[in-house]
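Topology and contacts: notes
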Amino acid sequence: MDIHRCRFVPYPPSTINALAFSHSHIAEDQKTAPPKLAVGRANGDIEIWNPMNGAWLQETIIRGGLDRSIDGLVWTQDPNEEIHGSTIIGRSRLFSIGYTTTVTEWDLAKGRPLRQASGTHGEIWCLAAQPPLSQKEQSNGAAAGQWPGQHLIAGCTDGALVLYSTRDEDLQLQKVLVRPSSKKAKIISVTFQDRNIVIAGCSDSTIRIYDIRNGSMVRQMTLGIGPAGGPKEIIVWSVKVLKNGNIVSGDSTGEVRIWDGKTYTFMQRIKGHRQDVLSLVTSFDGTTIISGGMDRRTVVYKQVGKGKPRWAEVSHRRYHNHDVKTMASLEGRGISVVVSGGPDASPTVLPLNQFGFENQRALPFLPQENVIHSASKRRLILGWWEREVSIWRLSKQTKSSTGSEENEEEPAARNRKLVAKVLIKGEANITSASVSDDGSLLAVATSSDIKVFQLRMKGSEEGDGLKISKIACPTSFSSGARLVKFSPDSKWLCVVRPDSQFSVARFTSSGTSSASSNASIHPFLSKLTRLDRQIEKFTLLGGLGSYDRTVTQIAFSPDSRILAVSDLAGYIDTFVLAGDEDLTRTDLVAEENDAASSHSSSDSESDSESEEESNPRLVYGQHWTRNPAAFSIPKLPSTPVVLSFRPATSSKPVLKALTNGANGTPHATRNNPHPISNSVPAVEDRLFVVTATSDIYEFEILKGGLSPWSRRNPTKVFPEDFRINKDQARGCIWDISASSSRERVWLWGVGWLWMFDLSRDLPPPALEQANGTNGTEGVKTSSRKRKRRGGKEITAGAGSAIPDRELTTGISRTMSKYVHEETEEDQALVKDPYSNSAMDLDDDENQVSALELSRRENSQNGQVAEQEDDRPHHWHTYKYRPILGMVLISEEGEAGPEVAIVERPIWEADLPPRYYGDQEWEKRGVDEL
């Protein structure tokens, strides 16, 4: 495989301004929706992450827009309801602010604002959610008449404190608790001490306590005067409340202060930072405080001493290379983590209860969705971000560069050329973009519109650029899209709307040459409907609603006759293109108005769906229909992150189409001169799937089951280095050659590249691995046996466990008790999170899933004969990182396909300037590190 190593794509990382978990703590018996992490960025994007017991999958991105910024995020949980003996879990609702006077609630299923509220007050600087009414308070009647849900409190730049109501699934301004003050004191941070008492950190060296029931100020605590040589007023950047009611504040002097929660008096101060303390988190039990500051430090505090213990700094490290601007914590169900972020754009996950015993983990700042695409027939690379699309053309590699690693990066003038740049009008950022394989069509989608362009080559006298012309789109495209993707033959465009309903548009061209042809879109869109998965109504009404049915992946077969889509829940729906193409058919033109009216009708009418299936409307003699074997494809254990059809090879037997004519076309009659063909196409139907937990499956779509290769090669026989990898796969490249019997797939993630040979079975796990040694380096693992989930070591949700010999705490995890020189027992000094019964372990081999049953079905192909050659079964490298995209440039390289690996190192990106520590390496000594 020939590789272009590219770093010229200027993908801009965006500052993390806000972090919020849907739950800060989850009790073992608590009925609630799965926890999610919301990441708010300076470009207006909101990323939704799923912790997945430490796998950390970026599920969706709600795109921002021009001059939009997410500066605060808050989740609320509506109270649960009991109806006819069933529990409807309360809705998980996400709210945001952006330094305006507006609070926005988001529809996660559609990726759009759901409702907004504002008032006559200043810009909102901070936002906090009221603690929910506990079950104990509800049962003893102590809070009779109170709504058990959560309201919102907002602090403004003019000193106002505003209460917003979220009752009855609405968002309204309830009342202004504190009017703007004449002193112009800004409310910088806010939190609740209980359901009625609000703690507000201000910009005038004070912390004010208010009662939201009557708006009165209960107490005012002053921090004094700022240090000499600096501002006199101290800014309270963050306030938190411990479990016992004590208050913790972080301010612009770099100090963390502890205040008595009953008398509201000062107790203790700790100088843990050299600059401002910007963020704070506390553990649920109140035994740990973690602070992040402008000096890039993350400091951990715990109570030491007996009697009246005092807080002390126990550790500090620099996990970020910029300000630690925001933090959020999650505890419960086997997870105990703190996530921090700032201008360096990468969320960093730290262990909370296991701090010092587990490593941290930096999540990638690059999106899970591919923003790099290619048109291999024209050697074009497309990259998109915000409201911009850029297209480059790569020249062929020279012989000197293909054989020498030193010359892997050719000079920019010889290797690439920017041939087009498209700026999308409007305020909304791009949600998806796709370029056809022949490089003639470009589709760009936002949350409100879809634009399609035709790309033509310029003449030699006009330069090497591309001519771009806009194509008229049907009115249905004005609703926007979540995903768009062209088929390999450039005739079909799959459009997934924001509500995850999707349709397929047909493209036609007039003219004999690509330079003179004009592309157009057929007026009728083929609307496709997914299978009814029989999800309980109570599930859709509560929690996250239909968010799990969000479509995230689209794949066309190489001949464009099969379409597959998958969602966050793990379901895969497939459709086939039936019939033969007949460009002479004009019977649909008379039905254009009817088609438009049917598209505007309700999407939930089952009668019209069944009628459309029985009497399909043709597009040039063809129509999309649901795969008859779609019901047989089981739900996957986790979200698919890669969907790709295997290219056809001569060794794969082609399925015979079910036809009712000699050549697959029904016989024409006098009354039906253009009969409808419902035959299943005879095509390559093997779909390659990789999930978020690194499980690999291959389905034969038209048969509705696993392929023989996938039955013989379950995930447990894959290399351990691949199975324990925490970063999800982002895409794949196929290396198929019938002449050389080569069937390889190249999987890539942010920091790795793996190759698997699919022409033969993988070897069984090495004996050394079974005996507790690493099959790669031959180093024995620790004797402490760790529980595993799906081949992965179970941790508290951050990085891997630190070996005992590398612990910096000075002690091990266990203490051995000796009696007469014999070990009597081992006592754990550190709480073991791996014994938590609430964790869903997959260690029980007696449980048989639908996929296991599919694997155990009788396979006609039996065993594959062993091949005695020196070709590797698999290969991997970590040389390329971080990978923004890997795309096919040409299928005719000297050593297989020619690909481009686009890297985007964070040190090459333009980050905001640091306010402290810039060029620190030049002026500090070793003793200051």
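In this text the structure is predicted, and so the values were computed from the model without any measurement.

In this structure, Ile391 and Leu442 are the most contacted members of the largest nonpolar core, which totals 38 residues. The element that contributes the greatest number of residues to this core is strand S33 (residues 380–385), accounting for 5 residues. If we ignore the near neighbours within four places in the chain, the residues touching Leu442 are Leu382, Val389, Ile391, Val422, Ser434, Lys451, Val452, Phe453, Leu455 and Phe486. Of all hydrophobic cores here, the second largest spans 23 residues; its members include Ala55, Phe722, Cys732 and Trp754.

Let us now look at the side chain of Asp761. Along the polypeptide, Asp761 turns up in the loop between strand S55 (753–757) and helix H9 (767–770). In terms of polar contacts, Asp761 uses its side chain to reach the side chain of Arg712, at 2.9 Å.

Our focus in this paragraph is empty space enclosed by the protein. The tally for this structure, following the rule as stated, stands at 7 cavities of 30 Å³ or more. Approximately 180 Å³ is the volume found for the largest cavity. What lines the largest cavity is a set of 18 residues, among which Tyr11, Pro12, Asn43, Asp45 and Arg63 lie closest to the centre. Quantified by volume, the second largest cavity comes out at close to 60 Å³. Looking at the second largest cavity, the residues that line it are Trp49, Trp56, Gln58, Arg361, Leu363, Pro364, Gln368, Asp727, Gln728, Arg730 and Val750.

What follows is about the sheet that holds strand S37 (residues 441–446). Pairing within the open sheet is antiparallel, and its 4 strands lie in the order S36-S37-S38-S39. Whereas interior strands pair on both sides, the edge strands pair on one side only; in this sheet they are strand S36 (430–435) and strand S39 (466–471). On average, each strand axis in the sheet is inclined to that of its neighbour by 25 degrees, with strand direction left out of account.

Okay, the sheet that holds strand S19 (residues 216–222) next. One open sheet holds the 4 strands; their spatial order is S16-S17-S18-S19, and the pairing between them is antiparallel. Each edge of the sheet is formed by a strand with only one pairing partner; in this case those strands are strand S16 (187–192) and S19. On average, each strand axis in the sheet is inclined to that of its neighbour by 20 degrees, with strand direction left out of account. Where strand S17 (residues 197–202) and strand S18 (residues 206–211) come together, 5 bridges link them in antiparallel fashion. If you follow Val198 over to S18, its bridge partner there is Tyr210.

This part is about the side chain of Ser440. In this structure, Ser440 sits in the loop between S36 and S37. Here Ser440 falls in the buried class, since its relative accessible area comes to 16%. A polar side-chain atom of Ser440 sits 2.8 Å from a polar atom in the side chain of Asp438. In contact with Ser440, not counting residues within four places along its chain, are Phe453, Gln454 and Leu455.

Reading the values: the criteria
All residue numbers here refer to positions counted from 1 along the written sequence of the relevant chain. Note on the predicted model: pLDDT of at least 70 is required for a residue's local features to be given, and 80 or more for side-chain atom pairs to be given and counted; whole-chain, interface and lining totals, by contrast, use all residues. With hydrogens and water stripped out, all remaining heavy atoms of the structure feed into the side-chain values. For this analysis, a nonpolar core means a set of buried residues of the types Ala, Val, Leu, Ile, Met, Phe, Trp, Tyr and Cys, connected via side-chain atoms within 4.5 Å. Here's how the labels work: a residue is buried when its accessible area is under 20% of the maximum for its type, exposed when over 50%, partly exposed in between, all with a 1.4 Å probe on protein chains only. Helix and strand definitions follow DSSP, with helices as H or I runs of at least four residues and strands as E runs of at least two, each counted in order from the N terminus. Whether two residues are in contact is decided by their heavy atoms, any of which lying within 4.5 Å being enough. Pairs of N or O atoms are called polar contacts if they sit within 3.5 Å, as long as, within protein, a hydrogen donor faces a hydrogen acceptor (for residues adjacent in sequence, only side-chain-to-side-chain pairs). Residues are said to line a cavity or pocket when one of their atoms sits within 4 Å of a point; the points come from a 1 Å grid over protein atoms alone, cavities being sets where a 1.4 Å probe fits but cannot get out and pockets being open sets with protein on both sides within 12 Å along at least five of seven lines. Grid points are joined across faces, edges and corners, and a volume is the space filled by probe spheres set on the points. Pairs of strands are assigned from DSSP output, requiring at least two bridges between the strands. Helix axes are fitted to C-alpha atoms over the stretch in contact, other axes to C-alpha atoms as well, and angles between N-to-C directions run from 0 to 180 degrees.

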